[in-house]
Amino acid sequence: MKTPRPGPSPNSPAAAAQEADIDRSDLAYRRWLSEAVAKVQADANRSADTHLLSVPLPADWGVDLYLKDESTHPTGSLKHRLARSLFLYALCNGWIRPGRPVIEASSGSTAVSEAYFARLIGVPFVAVMARGTVRAKVDLIEFQGGRCHLVDDPSEVYGTAARLARETGGHYMDQFTYAERATDWRGNNNIAESIFRQMSAERYPVPTWIVATAGTGGTSATLARYVRYAQATTGICVADPENSAFFAGWRDDDPAVTTGTASRIEGIGRQRVEPSFVPNAIDRMMRVPDAASVASVHVLERLLGRRAGASTGTGLWAAFRIISEMRESGERGSVVGLLCDPGERYVEKYYSDRWLAVQGLDITPYLERLDAFLGTGSLSGPEPIRDR
Ligand SMILES: Cc1ncc(COP(=O)(O)O)c(C=O)c1O
């Protein structure tokens, strides 16, 4: 029930005289909203920053590699930051209402984090995802009290989420549109500001390159805007997997590019150039074969004793390529990548020989090249990629 502010009754002669004055204020809703915003802010207040891990490489290479470990957020991925920003943005825009569901199209990680925030403020949550999404993510969403609506065609997630929101009176969060603008890119401990602060005591404190990957494009937009705003010389490279539209869209300056097949690298690589991708702020893009992405996370496990999802491998392969180039040209400096989410979610995919065989992914040649790289500092490439 709407609780109006005290004032003339809407049917009183006084109200009728105020011809074009419509007061929609609802104090009960505003109290609910204040409590919801306070809960999200208190959650941020309880949270610690994520670690910037140093990846051991021979010191005499003169190039240092770091990974921002976003898997340690309460909901296990870099999407925790985004979900918090999206909830605050939607709450303050008046888009989320008490008792009404929040609906999202997701490849899983965002939905896990959004289910957490939906529960925190006490609204229902529905994730619309492709049927091929790993079971572990469905379990995590349900664990957080969310519901999963699976669709056969991955390109249907957007339309289905919008329809479910219309039918239920809920709110379609639409991370693919709003990720770039919901995030406070100038600072406020965003991922970029945190990286620069954590790098400040290193031997090469201003990274030569930061390598990101793109799902919504939001993370790369925040990084790219921040380095420009901070007047840093750091280049932002986006590594893109097979079957993703971002690379061709960026290369050809064509936001209408689409692909016919979904990405196998969960969380990144989209069949269309998402509205949150900000191409003009990106300095460089690199296409990475899926087998190279998977091989790279296997090598990361040897280097750090940690498993990560394959999107981390996509960025890592690109970082290794950049380090190899810097070695070749004698350039010294630092490169920062992202550890996006934990590998435990993907035991049945990227860490399964059976899944790799079914997909026809042979990671052995890439493992051999990575072994050679770790010995010599030289990684050959690039190589041709054929989309499926
Ligand atoms: C595991 C993982 N890595 C990387 C990304 C890329 O992040 P962004 O959506 O900010 O482009 C995503 C996005 O969904 C993801 O789920």
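Residues numbered from 1 in each chain as written. Predicted model: local features only at pLDDT ≥ 70, side-chain atom pairs only at ≥ 80, totals over all residues.

1. Side note on the overall build of the protein chain
The secondary structure content of the protein chain amounts to 14 helices and 10 strands. Expected size for 388 residues packed as a compact globule is a radius of gyration near 21 Å; at 23 Å, the protein chain falls within 12% of this value. A principal-axis box enclosing the C-alpha atoms of the protein chain has dimensions of 85 × 45 × 40 Å. Of the contacts formed within the protein chain by residues at least 6 apart in sequence, a portion of 72% connects residues at least 24 apart. (Helix = DSSP H or I, 4+ residues; strand = E, 2+ residues; numbered from the N terminus. Rg over C-alpha atoms; globule rule 2.2 N^0.38 Å. Contact = placed C-beta atoms within 7 Å.)

2. Some points on the pairing of strand S9 (residues 284–288)
Examined bridge by bridge, strand S8 (residues 235–241) and S9 share five bridges and lie parallel to one another. Bridge pairing in S9 links Pro-241 to Val-288. For the segment spanning S8, helix H10 (residues 246–251) and S9, crossover handedness is right-handed. (Pairing = 2+ DSSP bridges. Right-handed = clockwise from strand over helix to strand, strands pointing away.)

3. Structural notes on the packing of helix H11 (residues 290–304) against helix H14 (residues 364–376)
The interhelical angle for the contact between H11 and H14, taken along N-to-C directions, is 50°, at an axis separation of 8 Å. On the basis of their axis angle, the class for H11 and H14 is oblique. In the packing of H11 onto H14, the handedness of the crossing is right-handed. Where H11 approaches H14, its residues Ala-291, Ala-292, Ala-295, Ser-296, His-298 and Val-299 are matched on the opposing element by Tyr-366, Leu-367 and Leu-370. By residue class, the composition of the contact of H11 with H14 is seven nonpolar, two polar and no charged. (Axes fitted to C-alpha atoms, helices over the stretch in contact; angles between N-to-C directions. Parallel < 35°, antiparallel > 145°, perpendicular 65-115°, else oblique. Left-handed = near helix turned anticlockwise from the far one by under 90°. Nonpolar A, V, L, I, M, F, W, Y, C, P; charged D, E, K, R; others polar.)

4. Looking at the packing of helix H8 (residues 191–199) against helix H9 (residues 218–229)
The N-to-C vectors of H8 and H9 enclose an angle of 55°; their axes lie 8 Å apart at closest approach. Taken together, the axis directions place H8 and H9 in an arrangement best described as oblique. Contacts between H8 and H9 involve Ile-191, Ala-192 and Glu-193 on the former and, on the latter, Thr-219, Thr-222, Leu-223, Tyr-226 and Val-227. Here the contact of H8 with H9 is composed, by residue class, of five nonpolar, two polar and one charged.

5. Description of the UniProt feature "modified residue: N6-(pyridoxal phosphate)lysine" (unreviewed entry) in the protein chain
The sites that UniProt annotates as "modified residue: N6-(pyridoxal phosphate)lysine" (unreviewed entry) are Lys-79. Along the chain, Lys-79 turns up in helix H3 (residues 79–92). We classify Lys-79 as buried; it has 31 C-beta atoms within 10 Å. Ignoring any residue separated from it by four or fewer positions in sequence, one finds Lys-79 in contact with Ser-109, Thr-110 and Ser-113. (UniProt positions renumbered as here; feature names shortened; annotations may be inferred. Buried ≥ 20, exposed ≤ 12 C-beta atoms within 10 Å, placed from the backbone.)

6. Some details on the site of the ligand
Taken together, 20 residues form the shell around the ligand, and within it Ser-109, Gly-215, Thr-219, Gly-267 and Cys-340 come nearest. Contributions of two or more residues to the shell around the ligand are made by helix H4 (109–121) and H9. The greatest single-element share of the shell around the ligand, amounting to three residues, is contributed by H9. Class assignment for the residues of the shell around the ligand results in four nonpolar, 14 polar and two charged. Both domains that meet at the shell around the ligand, namely domain 1 (46–78 + 186–376) and domain 2 (84–179), each give it at least three residues. (Near = placed C-beta within 6 Å. Domains from an automatic or database assignment.)

7. Overview of the pairing of strand S4 (residues 125–130)
Burial within S4 is extensive, with five of its six residues counted as buried. For strand S3 (residues 102–105) and S4, the ladder comprises four bridges, and the chain directions are parallel. Across the sheet, Glu-104 pairs through a bridge with Ala-127, a residue of S4. What joins S3 to S4 is H4, and the crossover it makes is right-handed. Relative to strand S5 (residues 147–151), S4 runs parallel, the two sharing five bridges. Within S5, the residue paired with Val-126 across the bridge is Arg-147. At this point the chain moves from S4, through helix H5 (residues 135–143), to the parallel S5, and the crossover so formed is right-handed.

8. Quick look at the sheet that holds strand S2 (residues 63–69)
In space, the six strands of this open sheet follow the order S1-S2-S10-S7-S8-S9, with mixed pairing throughout. Taken across any chain shown, the strands that pair with only one partner, and hence form the sheet edges, are strand S1 (52–55) and S9. Between one strand axis and the next, the sheet turns through 25° on average, direction left out of account. As paired strands, S2 and strand S10 (residues 333–339) are joined by seven bridges and run parallel to one another.

9. Quick look at unusual backbone geometry
Leaving glycine out, the prevailing phi sign among residues is negative, and the prevailing peptide bond configuration is trans. Positioned with a positive phi, Asn-189 is a non-glycine residue whose angle comes to about 55°. Inspection of the secondary structure assignment puts Asn-189 in the loop between helix H7 (175–182) and H8. Here Asn-189 falls in the partly exposed class, since 13 other C-beta atoms lie within 10 Å of it. Positive phi is not limited to glycine here, since Gln-231 has a value of about 55°.

10. Topic: H7
Across the eight residues of H7, six count as buried, placing the element largely inside the fold. Every buried residue belonging to H7 is among Gln-175, Phe-176, Tyr-178, Ala-179, Glu-180 and Ala-182, and all of these are buried. In this fold, the buried residues of H7 make contact with H3, S3, H4 and H9.

11. Some thoughts on the nonpolar core
Judged by nonpolar contacts, the single largest core of 64 residues is most densely connected at Val-211, Leu-223, Cys-237, Ala-319, Ile-322 and Val-335. For this core, the element with the most residues is helix H12 (residues 310–329), which contributes nine residues. Within the second largest apolar cluster, 35 residues are counted, among which are Ala-115, Val-128, Cys-148 and Phe-176. (Core = buried A, V, L, I, M, F, W, Y, C linked by C-beta atoms within 7 Å.)

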